[in-house]
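An overview of the molecular structure
Each chain is listed here by its residues.
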Amino acid sequence: MNHQDPLKPISKLMPLFILLAITTTLLFGLVIYTAFHGEPGFGNNKAIKNNPHKGLEIVDGVDLESGLLATGDYELVKRNCTPCHSGKLIAQNRASKEGWRSMINWMQETQGLWDLGQNEEAILEYLESCYGPEKMGRRKNLENIDWYELNPGN
Amino acid sequence: MAKNRRNQQRREFIRTGLLASFGSLLGMELVYGKYIPSDLIPLEILSSNSISELLDKHPELIELNDRPWNLETPAHLLNDDVTPADKMFVRNNGSMPQNIDADTWVLRIDGESSEREVQISLRDLKEKFKRHSYQLVIECGGNGRNEFNPPAKGNQWGLGAVSCAQWTGVRLRDVLEYTGMKDDAVYIGYYGADTHLSGKKDQVVISRGVPIRKALEDESLLAYELNGHPIPIANGFPLRLVFGGWPGSTSGKWINRISIRNKVHDGPKMGGQSYRVPCEEVAPGEQVPDENMCIIESMPVKSLITYPRTGAILNSGQSLAIRGHAWAGDDLVSKMEISIDYGQSWKETPVLPPVNRLAWQHFKATVDFPKSGYYEVWAKASSDRGISQPMVVPGWNPKGYLNNACHRIAVKVRP
């Protein structure tokens, strides 16, 4: 049997292939690692940084990144409150100055919020004026009803 | 319906498509790719998708909060007898755990009143303990908070922080008996794998529990399946507690540790004002010292009209067939009534028995309107203890829990 092994030239190149495969894998691994861990902090913070609305900033008086009303000292509020929780949590609540103060105290006592120092007054002013309580009695009227035809067959 | 299904397929396509392409980039299949927390997938890929898509939730769920994620289900989406996974509300206190591996998941049992400290793998829970399955109501303690006056702090839940799905897993009792419990056991406290929003690694997000008597009930589960499938990550994959009829916060998610305590559990959000109401009723807005606050146990009697959606316009003489569910915490709903005249008169309508204890009960009614005009259809459930839902918002409390006021929908009848 004098036939030359047809695979011989390929097997000669095998170490090169293996080297190439290893390099590619390492490179991909690096890319993926960077995608996940590229910035210090946590996955959730990343979501905020990569907000698709970034650049639009303020629309209809609302800061799109935080969902807060963009008036007065809102940037102070954004800076001190939204590192930990969504601005949506603020915007959906209503309270007097004292009510907001007690929430801040609770966050400082149990959730690791820092001392707001002399910014506290300005933050409270903003919160009360933008998100103060509304008088709503013991039961509100049904509001924002989306009227639609109900077919008898349904 | 068809639109919803299309949307669902679209979302599924987006998700699997994304993960598949992500996987091909890595040159391998992403095992359990479905359970990768969405915030781990590079946001550049996902930035055009909404949170409901990322969490495999119905697009009409109402986003109350995105950090932590809190999603509410509109009442008309709760019409199914058994709540589908994509319509189950989400109440998170912290960031969802990442890199969950169900194959290596371990549950630790410890505590002063535990006979020994044991570690049980999820695999052993599934293979060595008897499987049980129940339909169980999980309702957030703060469901209905948005109606309190003065306003109460927290996520402003409306109607839909409630669900009743088929939960499958092992009885907590079986696990506690296997571990061995001392006579002085009072409470169990859970710990989960979620992480604090502040990013502090050692800060526990929430660690609540139930008294031993509730822990030992037949229906108290360590669940690993929801409606016959792995639990969605946002609802506690791969292992969670389910205590039907009690505030949802007792049903801890992503459970990796249970402590058998010789006192009332004292983890974060057990004390202070969290998941507590004044032991004695207070006037709206009154300050209540922590020591006068009592832990919420069974949730109150409540009901929802889930069909039709509020805002239906009917022709003159057209009857309205309504449907809904009623539940009463640890108790049974024994009576269901409907009113179209703001409670001046009530008409009783049949309510079915629950498929098992702590499942919600279904009701139907046909409503006829005497003349044209604007109406509200009100529903009122009563428990077998003779307690009914109030038409006004019940006792004010600082954190706005336990609003079980009657649900109503708006209807117009054409001339």
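Keep in mind it's a predicted model, so treat the numbers as computed, not measured. Every chain is numbered on its own, with residues counted from 1 as its sequence reads. Written order decides the labels, with chains lettered from A and ligands numbered from 1. Where totals are concerned, whole chains, interfaces and linings use all residues; where local detail is concerned, this predicted model gives features only for residues with pLDDT of at least 70, and gives and counts side-chain atom pairs only at 80 or more.

Here the focus is the overall build of chain B. Here a helix means four or more residues in a row that DSSP labels H or I, a strand means two or more in a row labelled E, and each is numbered from the N terminus. Along its length, chain B carries six helices and 23 strands. Labels follow a simple rule on C-beta atoms placed from the backbone: if 20 or more others lie within 10 Å of a residue's own, it is buried; if 12 or fewer, it is exposed; otherwise it is partly exposed. Across the 415 residues in chain B, those meeting the buried criterion constitute 49%. In chain B, the share of contacts with a sequence separation of at least 24, taken over all contacts with a separation of at least 6, comes to 69%. Once C-beta atoms are placed from the backbone, any two residues with those atoms within 7 Å are in contact.

What follows is about the overall build of chain A. Along the backbone of chain A there are six helices and four strands. Order of helices (α) and strands (β) in chain A, N terminus to C terminus: α-α-β-β-β-α-α-α-α-β.

Take unusual backbone geometry next. All names here are of chain B. Of note, the bond from arginine 67 into proline 68 is cis; its omega dihedral lies within 30 degrees of zero at 0°. In this structure, proline 238 follows phenylalanine 237 across a cis peptide bond, with omega equal to 5°. One can find proline 238 in the loop between strand 11 (229–230) and strand 12 (240–242). You will see that asparagine 227, though not glycine, has its phi angle at about 50°, which is positive. Topologically, asparagine 227 is positioned in the loop between strand 10 (221–226) and strand 11. Positive phi, close to 50°, is recorded for tryptophan 254, a residue that is not glycine. When you line up the elements, tryptophan 254 lands in the loop between strand 12 and strand 13 (255–261).

What follows covers the sheet that holds strand 2 (residues 69–72) of chain B. All names here are of chain B. Here a strand pair is declared whenever DSSP counts at least two bridges between the two strands. Within the open sheet, the three strands sit side by side as 1-2-3. Their pairing is antiparallel. On the outer flanks of this sheet lie strand 1 (62–66) and strand 3 (90–91), each paired with one strand and no other. Pairing of strand 2 with strand 3 involves two bridges; the strand directions are antiparallel. Pairing of asparagine 70 across the sheet is with arginine 91, part of strand 3.

All names here are of chain B. With respect to the helices and strands, the residue proline 68 is situated in the loop between strand 1 and strand 2. On the basis of neighbour count, proline 68 is assigned to the buried category, with 22 C-beta atoms found within 10 Å. Sequence spacing of proline 68 and asparagine 93 is 25 residues, and the spatial spacing of their C-alpha atoms is 6.0 Å. Apart from the residues within four sequence positions on either side, proline 68 is in contact with Asn92, Asn93, Gly94, Ser95 and Leu197.

Residue and element names in this part refer to chain A. Listed as buried for helix 3 (residues 74–81) are Tyr74, Val77 and Cys81. The buried residues of helix 3 occupy one face: seen down the axis, they fall within an arc of 60°. On its buried face, helix 3 is in contact with strand 2 (62–63), strand 3 (68–69), helix 4 (87–91) and helix 6 (119–130). Regarding the arc, it is the one traced by the directions from the helix axis to the C-beta atoms.

The description of two packed helices rests on the angle between their axes and on the distance between the axes. Residue and element names in this part refer to chain A. Only the stretch in contact is used when a helix axis is fitted, and all axes are lines through C-alpha atoms; the angle between N-to-C directions ranges over 0 to 180 degrees. Close contact between helix 3 and helix 6 brings their axes to 9 Å; oriented N to C, the two are set at 110°. Viewed along their axes, helix 3 and helix 6 adopt a mutual orientation that is roughly perpendicular. Contacts between helix 3 and helix 6 involve Tyr74, Leu76, Val77 and Asn80 from the former and Asn119, Ala122, Ile123, Tyr126 and Leu127 from the latter. Of the residues in the contact of helix 3 with helix 6, the class split is seven nonpolar, two polar and no charged. Each angle gets one of four labels, with under 35 degrees taken as roughly parallel, over 145 as roughly antiparallel, 65 to 115 as roughly perpendicular, and the rest as oblique. Here the term charged refers only to Asp, Glu, Lys and Arg, the term nonpolar to Ala, Val, Leu, Ile, Met, Phe, Trp, Tyr, Cys and Pro, and the term polar to all other amino acids, Gly among them.

A few words on the confidence of the model for chain B. Residue and element names in this part refer to chain B. What pLDDT reports is the predictor's confidence in each residue, on a scale of 0 through 100. Of the residues in chain B, 87% have a pLDDT of 70 or more, and the chain-wide mean is 90. Scored below 50 in pLDDT, residues 1–48 makes 47 contacts in the model with residues more than four places away or belonging to other chains. With pTM at 0.80, the complex prediction returns an ipTM value of 0.82.

Moving on, we come to the nonpolar core. Counting 92 residues, the largest nonpolar core has B:Leu136, B:Val137, B:Leu222 and B:Val377 as the members making the most contacts within it. If we skip the residues at most four places from it in the chain, B:Val377 touches B:Ile305, B:Ile322, B:Ile338, B:Ile340, B:Val367, B:Arg408, B:Ile409 and B:Val411. What we call a nonpolar core is a set of buried Ala, Val, Leu, Ile, Met, Phe, Trp, Tyr and Cys residues whose membership is set by joining through C-beta atoms within 7 Å. In terms of nonpolar packing, the next biggest core, distinct from the first, is built from 14 residues, A:Tyr74, A:Val77, A:Leu89 and A:Ile90 among them.

Its location among the elements puts B:Ser198 in the loop between strand 8 (187–192) and strand 9 (209–211). According to the C-beta neighbour criterion, B:Ser198 is partly exposed, with 18 such atoms within 10 Å. Along the primary structure B:Ser198 and B:Tyr342 are separated by 144 residues, whereas in three dimensions their C-alpha atoms are 47 Å apart. Beyond its immediate stretch of four places on either side in the chain, B:Ser198 contacts A:Cys84, A:Gln111, A:Gly112 and B:Gln203.

With that settled, the discussion passes to the sheet that holds strand 9 of chain B. Hydrogen bonds between backbone atoms are what pair the strands of a sheet, whose relative direction is either parallel or antiparallel. Residues and elements named next belong to chain B. Strand order in this open sheet of five strands is 5-4-13-8-9, and the pairing throughout is mixed. Each edge of the open sheet carries a strand with a single partner, namely strand 5 (118–121) and strand 9. Across the sheet, the mean angle separating the axes of adjacent strands is 15° when strand polarity is ignored.

Across chain A, the average pLDDT comes to 77, with 64% of residues at or above 70. pLDDT under 50 marks residues 34–54 of chain A. Its contacts with residues more than four places away, or in other chains, come to 25 contacts.

Along the chain, the position of B:Leu71 falls in strand 2. In this structure, the C-alpha to C-alpha distance between B:Leu71 and B:Trp157, residues 86 residues apart in sequence, is 9.0 Å.

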